Each structure stands twice: as structure tokens, then as C-alpha cells.
Amino acid sequence: MDPVTDNRAPEPLTDYAQRLTHRVRAIDRRRPLLWDLPFTGFWVTAALIDYTGGGWRNNAHQLDVPGWLLLTLSLGLSVPLLWRRTHPGAALAVMAPFALANSWTGAALQAALLQLVLVYHLALRRPLRDLWWATALVIGPVLLSAFRHGEGTWDQQIGSHLMSITVAVLIGVTVRTRRTYTEALEDRARRLEIERDQQAQLATAAERARIAREMHDIIGHNLSVITGLADGGRYAAAKSPERATQALDAIATTSRQALTELRRLLDILREEEKQQADLTPQPGLTDLAPLLDGVRSAGLPVTTTTHGSPSLPPGRQLTVYRVIQEALTNTLKHGGPDATARIELSYEERAAVTVTITDTGTGSATDGTSRGGRGLPGMRERTALYGGTLEAGPRPHPEQGWRVRLRLPEESPQ
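Here's what I pulled together on the structure shown here. Predicted, not measured: the structure shown is a model, and the values here were computed from it. (Residues numbered from 1 in each chain as written. Predicted model: local features only at pLDDT ≥ 70, side-chain atom pairs only at ≥ 80, totals over all residues. Heavy atoms only, no water.)

**A short note on the overall build of the chain**
The test is simple: Numbering goes from the N terminus for both helices and strands, where a helix is a DSSP run of H or I of at least four residues and a strand is a run of E of at least two. Note on classification: 1.4 Å probe, protein chains only; a residue is buried when its accessible area is under 20% of the maximum for its type, exposed when over 50%, partly exposed between these limits. Two residues form a contact once any of their heavy atoms are found within 4.5 Å. Each accessible area is a Shrake-Rupley estimate made with a 1.4 Å probe; only the visible protein chains count as cover when residues are assessed.
For the chain, the helix and strand inventory stands at 13 helices and five strands. For the chain, with 414 residues in total, the buried portion stands at 37%. Pairs at least 24 residues apart make up 71% of the contacts formed inside the chain by residues separated by at least 6 positions. When the accessible area of the chain is evaluated, it comes to approximately 24800 Å², of which 59% is carbon and sulfur surface.

**A few points about the packing of aromatic side chains**
For clarity, the threshold we go by: Think of it this way: a Phe, Tyr or Trp ring, Trp meaning its six-membered ring, pairs with another when their centres are within 6.5 Å, and the plane angle makes it stacked under 30 degrees, edge-to-face over 60, tilted otherwise. Either the NZ atom of lysine or the CZ atom of arginine qualifies as a charge over a ring when it sits within 6 Å of the ring centre and within 35 degrees of the ring normal.
Across all of its chains, the model carries three aromatic pairs by this definition. Seen in terms of ring centroids, F39 and W43 are 6.5 Å apart; in terms of plane orientation they differ by 65 degrees. Their pairing is edge-to-face. Linking F39 with W43, this pair stays in helix α3 (residues 33-52), spanning four residues, or about one helical turn. Relative to W43, the ring of F42 has its centre 5.0 Å away and its plane inclined at 80 degrees; by these criteria the two rings are edge-to-face. Here the aromatic cluster, defined as three or more aromatic residues joined through ring pairs, consists of W35, F39, F42 and W43. Sitting over the face of the ring of F39, R84 holds its NZ or CZ atom 4.1 Å from the ring centroid.

**Some remarks on the sheet that holds strand β4 (residues 389-394)**
Condition: Two strands are said to pair when DSSP picks up at least two bridges between them. Axes here mean lines fitted to C-alpha atoms, for a helix over just the part in contact, with angles spanning 0 to 180 degrees between N-to-C directions.
Strand order in the open sheet formed by five strands is β1-β2-β3-β5-β4, with mixed pairing between adjacent strands. Among the strands making up the open sheet, the edge pair consists of β1 (302-307) and β4. Geometrically, the sheet is characterised by an average inter-axis angle of 10 degrees between neighbouring strands, direction not taken into account. Bridge count between strand β2 (residues 341-347) and strand β3 (residues 353-359): seven bridges; the pairing is antiparallel. Its bridge partner being in β3, A341 is matched across the sheet by D359. Each of β1 and β2 touches helix α11 (residues 288-297); the most contacted strand, β1, lies at about 155 degrees to it. Those strands touched by helix α12 (residues 314-334) are β1, β2, β3, β4 and β5 (402-408), and its axis lies near 10 degrees from that of β3.

**Focus: the nonpolar core**
To be explicit about the condition: Residue types Ala, Val, Leu, Ile, Met, Phe, Trp, Tyr and Cys, when buried and joined through side-chain atoms within 4.5 Å, form a set referred to as a nonpolar core.
Counting residues in hydrophobic clusters, the biggest one holds 31 residues, and the most contacted among them are V320, I324, L328, I343, V355 and I357. If you list the elements that add at least two residues to this core, you get α11, α12, β2, β3, α13 (375-384), β4 and β5. Listed in part, the 23 residues of the second largest apolar core include F39, A91, A112 and V169.

**Here we look at the environment of L406**
As for its position among the elements, L406 is in strand β5. A relative accessible area of 0% places L406 in the buried class. Placed 83 residues apart in sequence, L406 and V323 show a C-alpha to C-alpha distance of 7.8 Å. In contact with L406, other than residues within four places in its own chain, are T319, V320, V323, V353, T354, V355, T383, T389 and L390.

**Some thoughts on the packing of α11 against α12**
For clarity, the cut-off: An angle below 35 degrees is treated as roughly parallel, one above 145 as roughly antiparallel, one from 65 to 115 as roughly perpendicular, and anything else as oblique.
Running from N to C, α11 and α12 point in directions that differ by 0 degrees, and their axes come no closer than 11 Å. Looking at the two axes, α11 sits roughly parallel to α12. In this structure, α11 contributes L288, L291, L292 and V295 to the contact, and α12 contributes Y321, I324, Q325, L328 and L332.

**As for a positive patch on the surface**
Cut-off, in case you're wondering: Exposure above 30% relative accessible area and the absence of a salt bridge qualify a residue for a patch, where like charges join within 9 Å and nonpolar side chains (Val, Leu, Ile, Met, Phe, Trp, Tyr) within 5 Å. Within this document, salt bridges are pairs made up of a side-chain nitrogen of Lys or Arg and a carboxyl oxygen of Asp or Glu, the two lying within 4 Å of each other. The sign given to each residue is positive for Lys and Arg and negative for Asp and Glu; His and the chain ends receive no count. Note that the charge is assigned to NZ on lysines, CZ on arginines, CG on aspartates and CD on glutamates.
A cluster of basic residues, R25, R29, R30, R31, R125 and R179, forms a positive patch at the surface. With three residues, helix α2 (residues 12-30) is the largest single contributor of residues to the positive patch.

**Section: the pairing of β1**
Bridge count for β1 against β2 is six bridges, and the pairing is parallel. Considered in β2, the bridge of V302 is made with A341.

**Some details on the packing of α3 against helix α4 (residues 67-76)**
Just so we agree on the cut-off: A crossing counts as left-handed when the near helix is turned anticlockwise from the far one by less than a right angle, and as right-handed when that turn is clockwise. In this count, Pro and Cys sit with the nonpolar residues alongside Ala, Val, Leu, Ile, Met, Phe, Trp and Tyr, while Asp, Glu, Lys and Arg are called charged and the others, Gly among them, polar.
Where α3 meets α4, the axes come as close as 9 Å, and the angle between the chain directions of the two elements is 160 degrees. By the angle class used here, α3 and α4 are roughly antiparallel. Judged by the sense of rotation from one axis to the other, the crossing of α3 with α4 is right-handed. On α4, the residues touching V44, A47, L48 and Y51 of α3 are G67, L70, L71, S74 and L75. Residues belonging to the contact of α3 with α4 are distributed by class as follows: seven nonpolar, two polar and no charged.

**Remarks on a nonpolar patch on the surface**
Taken together, the side chains of L13, Y16, L20 and V24 make up a nonpolar region of the molecular surface, amounting to roughly 420 Å² of accessible area. With respect to the helices, strands and loops of the structure, L13 is situated in helix α2.

**A closer look at the layout of surface pockets**
The line we're drawing: In this analysis a 1.4 Å probe is tested at points of a 1 Å grid over the protein atoms alone, and where it fits but cannot get out there is a cavity; an open set with protein on both sides within 12 Å along at least five of seven lines is a pocket; lining residues have an atom within 4 Å of a point. Grid points are joined across faces, edges and corners, and a volume is the space filled by probe spheres set on the points.
Taken as a whole, the largest pocket holds about 880 Å³ of empty space. Lining the largest pocket we find 26 residues, and of these R25, D28, R29, R179 and E183 sit closest to its centre. Those elements that place two or more of their residues in the lining of the largest pocket are α2, α3, α6 (115-125) and α8 (154-239). Counting residues per element, the lining of the largest pocket draws most heavily on α8, at eight residues. Tallied by class, the residues present in the lining of the largest pocket amount to eight nonpolar, six polar and twelve charged.

Below is the structure:
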């Protein structure tokens, strides 16, 4: 099948007809009399023409019916159509005495057939059980006419009227079913639109939460590095201007890196540039070396030990990178001037990995909530995405310092 024909726009004439239909229905809902009055007026006029023109004589059983009675019957069998949509049962009940009088007198006015219009509206708007008494009201005058005037066989008169009632009911049920189906489709479309909007809002909230985590990691780490470099440069300025200049150069480099990453994240918030922003690669294991160099230049000695060969997908690499970054940032903040750090990475099969970051800091933080602030919840959220575990807390006595241990299990087979 040609994909072009599947996605083609609706025909102009069809689209115009649909819009016109919706507009007419909307006007009808607001002002129903604009349609009910002309409809009722048409059938009242037709009934009066049948009376004044003498057409009723062609079907009448008795021709000496008084004129005032014929006029009354014509109006009684047509005017109640004005309430056919709002009160079809009541309108049919009002017509019933006139229909009985029409059969008893033998006038046999054709306006009596307008009862079928009310039967149609009952099938369209009311419970189907109401059709039993409606059928009785319509058939009653037919039985009376057959009994009193006796023209034609009973099965012919009753059978033809039952067939007419059946056709009116079937048309009403068909239209009712179609309307119900259309309303269900419209309701489903509305629900899908609401669900789509909710999914978009959830996706936006998740994206903003991710951006908040990234900004926390970037700002926290780089500001900690800059603070360490500035403190070292201040002490070195008096004795070694060359070391102070190196510290200033490192501060400038770190600041530019932080600004670059922040601009990349802020670009995601711009709808028109979202696609370009998503193409920018996230940090991975190859970016660990520049990260460690920056931390070492800030005055924190870091050693690394690696077991196995890394073969992680980008998402897991980003999690490992951010956990190491946050742990080293916390050491820079709370570890004290003589702290050292050690990183041990163990790569296993099917993208499983274990990362342990320990330090020898002597900071005042001694519980699992004071060190790291918002960083620890962010690390746990990243870890939970891959079903991993994250442990963070002081090292057991008599050792001092802090330990962060990340464990990501094997990837599930797709």
C-alpha cells in the first residue's frame, strides 16, 4: 500500500461537509426551536391542506364528519410534534385520544401516521422498554377502526402498521447506535489527547529533573575545584608567583568547561534548539582522565585501580562518571587539606560494574545525610534507573574518611 495515500488529507468537500454539520448541530443544541418550529409547521400545514383540500375523503370511512372536528383532529395529530425531541412519550400520549377519535369517526386522516415520528424519537432517546406501550397506543386506533368499520382484513391492517412501527424503531435504533459509537470515539479521542498531554508533562518534568541533577553535578564539582585552586593560589602567591599563575590558568579552564556544560544543558530548555542539544554527547568513561586531572590540580591526590575491560553503554557510563564526580566533589568540600582519594573500578560481563571511591578526609560530616547534600539523592536516582545499589557513609572504625560504593547489575537480555 502506498504510504502517501494512508496519510493524505481529507477531501475539501468532505471536510467542508463535516465542519458544516458540526456547526449546524451546535446551533441546534443552543436554539432547538430554530429547527423544531419549521419541522412542526411543515406537518401542520400538510395536515391542514389535507383537510381543506378534501384529500382526506380518498381514505375516509365516513364522509359526513363535521368540519370543526376534522380541523381539531388535524391539529391534534400534528401540533404535538413540537415536543417530539424533548418529551416524545408525552407527545404520543397527547396524540392518542385524537387518533382514537380519528378511527371512531371514520375520518381516517393521514396525519395519524405522524405517530410513527414519535415512535422513532422514542427509540432514539428513551429506553427500549417504552416501545411496548408506545406500540399499544399506535395499534389501538387501528384495531378500533378494523372493529368498527371492518374494511380490509385484520392481518392486512394490523400487519402493515406493525411493519411501519418496526421500520421506525429500526431507524431510531440504528441512528442511536451510530450516535453512541460516534460519542464513544470522540470521548476516546479526548481521553487520548489528555493522556498525550499528561505524558508530555511527565516527560518534561523528568527532563527537568535530569537537568537539575546534571546542573548540580556540574556546578558543585567545578566550584569545588575552583575553590581548591583559589585557596592554593592564594597561599602560593607570596612564595611562588609561577604556581599562582598556574592555579589561575586552571581556574580559567575549569570555569570555561563549567560554562560550556551549563550552556549545553540550558539549550535543552529551548524548544527550538532541543534537537541540536540532544545531539551533544554526555560524559563517559573516556572523560574520567580530564576529570581526575582537574581534581588533582585542585590539590586532591587521586589514585585509580581498574579490573577488567570496560564495555558499558553510554547511559551506564554517565552514571559511573557522575557518581565518581559527586564523590570527589564531596571530598574536596569536606575532606580537609590532607585528604587523599582512591577509586577502584571492577568491570564484569554484560555491562555489570562495581565502583568504590574512598577518601581519607577528616571533615566533620559523620552521617549519611550531611555529606553530599542533594548529591546523594541524585546519585541514588541515577543508580535506581539500572536497578543498582549505592552505599555511601563513613568508613568503619578505626579508618577515617568516607566511602561510596556503586554496584550496577548485569543488563537484562533484550
